[in-house]
Amino acid sequence: EAGVAQSPRYKIIEKRQSVAFWCNPISGHATLYWYQQILGQGPKLLIQFQNNGVVDDSQLPKDRFSAERLKGVDSTLKIQPAKLEDSAVYLCASSWFGGADTQYFGPGTRLTVL
Amino acid sequence: KQEVTQIPAALSVPEGENLVLNCSFTDSAIYNLQWFRQDPGKGLTSLLLIQSSQREQTSGRLNASLDKSSGRSTLYIAASQPGDSATYLCALNQAGTALIFGKGTTLSVSS
């Protein structure tokens, strides 16, 4: 069974630039999560999708972050414009149904904002 | 609001030692508790998942316990090896939320 795929693995940008991350969940998983992990911290949920609908985006900085999950499969997370404090690892995870289901994590995208 | 604390933040031990990592939480209304391993530059690997009705789970040299009443979980690693060096994260699953993580314990095992 293929795992959660993410790209790119690394990205370096200047502040005020835009960046986008891509995630392909495990086939058949209805729930997809984006987490932000700042150095020295645990991952923090940014947004949760159930199929192509948003379940929770309460911690997503909506003035600069956006995410979509077209057709309930792949997802993209965008930052526009980026700030220095956005430097972090962005982790994508998926699960069959959400709730207390086991989540499977991708390798993450490490973003550095200069 | 649920808060998850992991102590210590970092730990260095010689190879062969048995060790315990600690996780505490403030709200006992959880579905399950999970221990993850994170290697540098990589994602999270689930090690053990304990349902709220369970007291412990074991996998190889790893044993995780859960005491909901006191808001604590421990991860016991027996006969540590250099390959165990990584960051270990504790995470909770509650109703209506995604996983809530602690900050992790970074373990270094020297040969």
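So, here is what we can say about the structure in this document. Since the structure is predicted, the reported quantities are computational estimates derived from the model, not experimental observations.

Another aspect to go through is the state of the cysteines. Formally, a disulfide is one covalent bond, and it connects the sulfur atom of one cysteine to the sulfur atom of another. Counting across every chain of the model gives 2 disulfides over all chains. For Cys23 of chain A, the disulfide goes to Cys92 of chain A, at an S-S distance of 1.9 Å. The chirality of the disulfide connecting Cys23 of chain A with Cys92 of chain A is left-handed, given an S-S dihedral of about -70°. On the criterion of sequence distance, the pair formed by Cys23 of chain A in strand 3 (residues 19–24) and Cys92 of chain A in strand 9 (residues 88–95) is long-range, its members being 69 residues apart. Neither Cys23 of chain A nor Cys92 of chain A differs from the other in exposure class; each is buried. Between the sulfur atoms of Cys23 of chain B and its disulfide partner Cys90 of chain B the distance amounts to 2.0 Å. Its torsion about the S-S bond being -55°, the disulfide of Cys23 of chain B and Cys90 of chain B is classed as left-handed. One end of the pair, Cys23 of chain B, is in strand 3 (residues 19–25); the other, Cys90 of chain B, is in strand 9 (residues 86–93), and 67 residues separate them in sequence.

The rules behind each value
Residues numbered from 1 in each chain as written. Chains lettered and ligands numbered in written order. Predicted model: local features only at pLDDT ≥ 70, side-chain atom pairs only at ≥ 80, totals over all residues. Heavy atoms only, no water. Disulfide = S-S within 2.5 Å. Helix = DSSP H or I, 4+ residues; strand = E, 2+ residues; numbered from the N terminus. Buried < 20%, exposed > 50% of the residue type's maximum accessible area, 1.4 Å probe, protein only.

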